[in-house]
Amino acid sequence: MHILWWVILGVFVGGGRVRAYNVSLSLIPQSVVVTFGETASFNIEASGYVSSRFDLQLYWPQDAAMQIESNQTISFVEGWNNHSISLLIEPVKQGRFIVQTWVEPEGVVDDTRLFLLIKVAMFKPLMIISLMVGWAYTACWSAGYYPQIWLNYRRKSVVGLSFDFLYINIVGHISYVVFNVFLYWNTFVEDEYYRRHPFGLNPVIGNDIGFAVHAVFGTGFTIFQCWIYETGGNSVSKPAKAIIVTYLLIIFATMGCAMWNVMHWLDFLYVLSYIKLSTTMIKYFPQAYMNYRRKSTEGFEIMNRLLDLAGGLFSILQMVINAWNFDDWRSIGGDPVKFGLGIFSILFDLVFMFQHYILYRKRSVKVPAELPMLPK
């Protein structure tokens, strides 16, 4: 009966825990960040009954990347093994490393997720600066929705604000929320992600979900203002409606494929992430075009773009700091799409600033404000 209990426990306990047969092994924590001059500890925790003796060996492919102050081979004897083994890590090289395991004899436990990710930084103060910069860009991006909301409230009008920008934007934000929520909380999807990325950790953290939900709220509330305040006859243009309908068709088609097992649910979530990325590339054009047609930025709060620009610059600064501190420049080049979209957003922020402060600083409206992205 005890063995059955440990088997059930091994199946349902999540996190970095490895589940197989009647014994469960885990490395806690599974990700460690250290700097030169200090040591970090992690535990190998065992839970369950071992039917036969086996050895667990730790190894890493990089020569002299680190030192583990203990015997690299840990033995587990037959019987109940409900204990924790503490090991200390002393880094001797800057970078990102993976400590892997080898179980002998094979097949005693599932060691596919039994690894430790170690990131070694050059200077600890830079880690603190990076954290502060991260909070700074999060604050900028989060606060960026409210200047426009406040301006709409004061004017009791949304004239000058592109509806196309808002509706395309909220499709992307909702897609991003669904992507984050399911990858973070759904064990079935998470396990598939681990099968494709054996030495990867879940890329979604709780802050990502909170930030995405807040983005939906900020954009959604602005859309609500478009329903109750003066619009000047503005509405969503036909091209924008066609884009949104195309997105919805893609979403429902891929969802159907996932429901009928034609594709995995993780692939469906990836489709949602691609929709989020594409909306980022599209959404700025309608507002820039409206400003051009009206020869004015009145009704469009430039502070939104200033905060977005500050957030984008802080984000890039953090990437550069981390790449230098951890000697991991691949973290920038390894995700060119994300980095490129960040640069793309910054360039459009500069376009809006050029329109506001140089081209149309007198704010003289020569064309009716209700013009959407394209003529209806």
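Residues numbered from 1 in each chain as written. Predicted model: local features only at pLDDT ≥ 70, side-chain atom pairs only at ≥ 80, totals over all residues. Heavy atoms only, no water.

## Regarding a nonpolar patch on the surface
Just so we agree on the cut-off: To count toward a patch, a residue needs a relative accessible area above 30% and no salt bridge. Like charges then connect within 9 Å, nonpolar side chains (Val, Leu, Ile, Met, Phe, Trp, Tyr) within 5 Å. Each accessible area value is a Shrake-Rupley result obtained with a 1.4 Å probe; residue values ignore everything except the protein chains displayed when judging cover. Put simply, a salt bridge is a Lys or Arg side-chain nitrogen that is within 4 Å of an Asp or Glu carboxyl oxygen. Note on conventions: DSSP H or I runs of at least 4 residues are helices, E runs of at least 2 residues are strands, and numbering of each starts at the N terminus.
Where nonpolar side chains cluster on the molecular surface, the patch consists of Tyr 146, Phe 217, Phe 221, Phe 224, Trp 227 and Ile 228 and spans about 640 Å² of accessible area. When residues of the nonpolar patch are assigned to their parent elements, the largest contribution, five residues, is made by helix α6 (residues 206-228). As for its position among the elements, Phe 217 is in helix α6.

## Topic: the confidence of the model for the chain
Put simply, the rule is: The predictor attaches a confidence to each residue, and that confidence, scored 0 to 100, is pLDDT. Contacts: residue pairs with any heavy atoms within 4.5 Å of one another.
A residue-level look at the chain finds 85% of positions with pLDDT of 70 or above and a mean pLDDT of 83. Under a pLDDT of 50 for its full length, residues 1-20 has, in the predicted model, 35 contacts with residues more than four places off or in other chains.

## What to know about the packing of aromatic side chains
Threshold: Pairing of aromatic rings covers Phe, Tyr and Trp, the last through its six-membered ring, and needs centres within 6.5 Å; plane angles under 30 degrees mean stacked, over 60 mean edge-to-face, and all others mean tilted. Between buried and exposed lies partly exposed: a residue is buried under 20% and exposed over 50% of the maximum accessible area for its type, with that area taken using a 1.4 Å probe on protein chains only. A ring is considered to have a charge above it if a Lys NZ or an Arg CZ atom is located within 6 Å of its centre and within 35 degrees of its normal.
The tally for this structure, following the rule as stated, stands at 21 aromatic pairs. Taken together, a centroid distance of 5.1 Å and an interplanar angle of 50° make the contact between Phe 300 and Phe 352 tilted. One end of the pair, Phe 300, is in the loop between α9 (284-294) and α10 (302-325); the other, Phe 352, is in helix α12 (residues 336-359), with 52 residues separating them in the sequence. There is no split in this pair, since Phe 300 and Phe 352 are both buried. Of the aromatic side chains, those joined through ring pairs into one cluster are Phe 165, Tyr 284, Phe 285, Phe 300, Phe 344, Phe 348 and Phe 352. Over the ring of Tyr 153 we find Lys 156, and its NZ or CZ is 3.9 Å from the ring centre.

## Let's talk about the sheet that holds strand β10 (residues 95-104)
The condition that has to hold: Paired strands are those between which DSSP finds at least two bridges. Between N-to-C directions, angles span 0 to 180 degrees; the directions come from axes that are lines fitted to C-alpha atoms, helices contributing only their stretch in contact.
Overall, mixed pairing links the five strands, which are arranged β3-β11-β10-β5-β7 in an open sheet. Whereas interior strands pair on both sides, the edge strands pair on one side only; in this sheet they are β3 (31-35) and β7 (73-76). The mean angle between the axes of side-by-side strands here comes to 20°, regardless of whether they run parallel or antiparallel. Examined bridge by bridge, strand β5 (residues 54-59) and β10 share five bridges and lie antiparallel to one another. By the bridge assignment for β10, Leu 56 is matched with Val 103.

## Things to note about the UniProt feature "transmembrane region" (unreviewed entry) in the chain
Short version of the rule: UniProt positions are given in the numbering used here, feature names are shortened, and annotations may be inferred rather than shown by experiment.
Listed under "transmembrane region" (unreviewed entry) in the UniProt record, and renumbered for this structure, are residues 126-146, 166-189, 209-230, 242-262, 268-285, 306-324 and 339-360. Helix makes up 96% of residues 166-189 and strand makes up 0%, while its end C-alpha atoms are separated by 30 Å. The distance separating the terminal C-alpha atoms of residues 306-324 is 27 Å; by composition the span is 100% helix and 0% strand.

## Section: the nonpolar core
Grouped burial of nonpolar side chains is what soluble globular proteins tend to show. Definition in use: To qualify as a nonpolar core, a set must consist of buried Ala, Val, Leu, Ile, Met, Phe, Trp, Tyr and Cys residues joined through side-chain atoms within 4.5 Å.
Counting 37 residues, the largest nonpolar core has Leu 183 and Phe 352 as the members making the most contacts within it. In terms of residue count, the dominant contributor to this core is helix α4 (residues 163-185) (eight residues). What Leu 183 contacts, discounting residues up to four positions off in sequence, is Val 189, Glu 190, Tyr 193, Asn 202, Pro 203, Val 204, Leu 266 and Leu 269. Membership of the second largest hydrophobic core comes to 27 residues, among which are Val 23, Phe 42, Leu 58 and Val 120.

## Overview of the pattern of salt bridges
Under the counting rule described, the total for this entry stands at six salt bridges. Between Asp 308 and Arg 305 there is a salt bridge, and its shortest N-O distance comes to 3.5 Å. Placement of the pair is Asp 308 and Arg 305 together in helix α10, with a separation of three residues, close to one helical turn. With a relative accessible area of 9%, Arg 305 lands in the buried category. Members of the salt-bridge network, linked through shared partners, are Glu 192, Arg 195, Arg 196 and Asp 267.

## A few points about the side chain of Gln 318
Along the chain, Gln 318 falls in helix α10. Judged by its relative accessible area of 15%, Gln 318 falls in the buried class. Apart from the residues lying within four places of it in its own chain, the contact partners of Gln 318 are Ser 130, Val 133, Gly 134 and Tyr 137.

## Digging into the packing of α4 against helix α7 (residues 238-259)
Counted only if it meets this: In these notes the angle categories are as follows: under 35 degrees is roughly parallel, over 145 is roughly antiparallel, 65 to 115 is roughly perpendicular, and the rest is oblique. Note on convention: the crossing is left-handed when the near helix lies turned anticlockwise from the far helix by less than a right angle, right-handed when the turn is clockwise. Residues are grouped as follows: nonpolar covers Ala, Val, Leu, Ile, Met, Phe, Trp, Tyr, Cys and Pro; charged covers Asp, Glu, Lys and Arg; every other residue, Gly included, is treated as polar.
Packing of α4 against α7 brings their axes to within 9 Å, and their N-to-C directions diverge by 15°. On the basis of the axis angle, α4 is roughly parallel to α7. Here α4 and α7 pass one another in a crossing that is left-handed. Taking contact as the criterion, the partners of Asp 164, Tyr 167, Ile 168, Val 171 and Ser 175 in α4 are, on α7, Ala 240, Ile 243, Ile 244, Tyr 247 and Ile 251. Considering only residue class, the contact of α4 with α7 consists of eight nonpolar, one polar and one charged.

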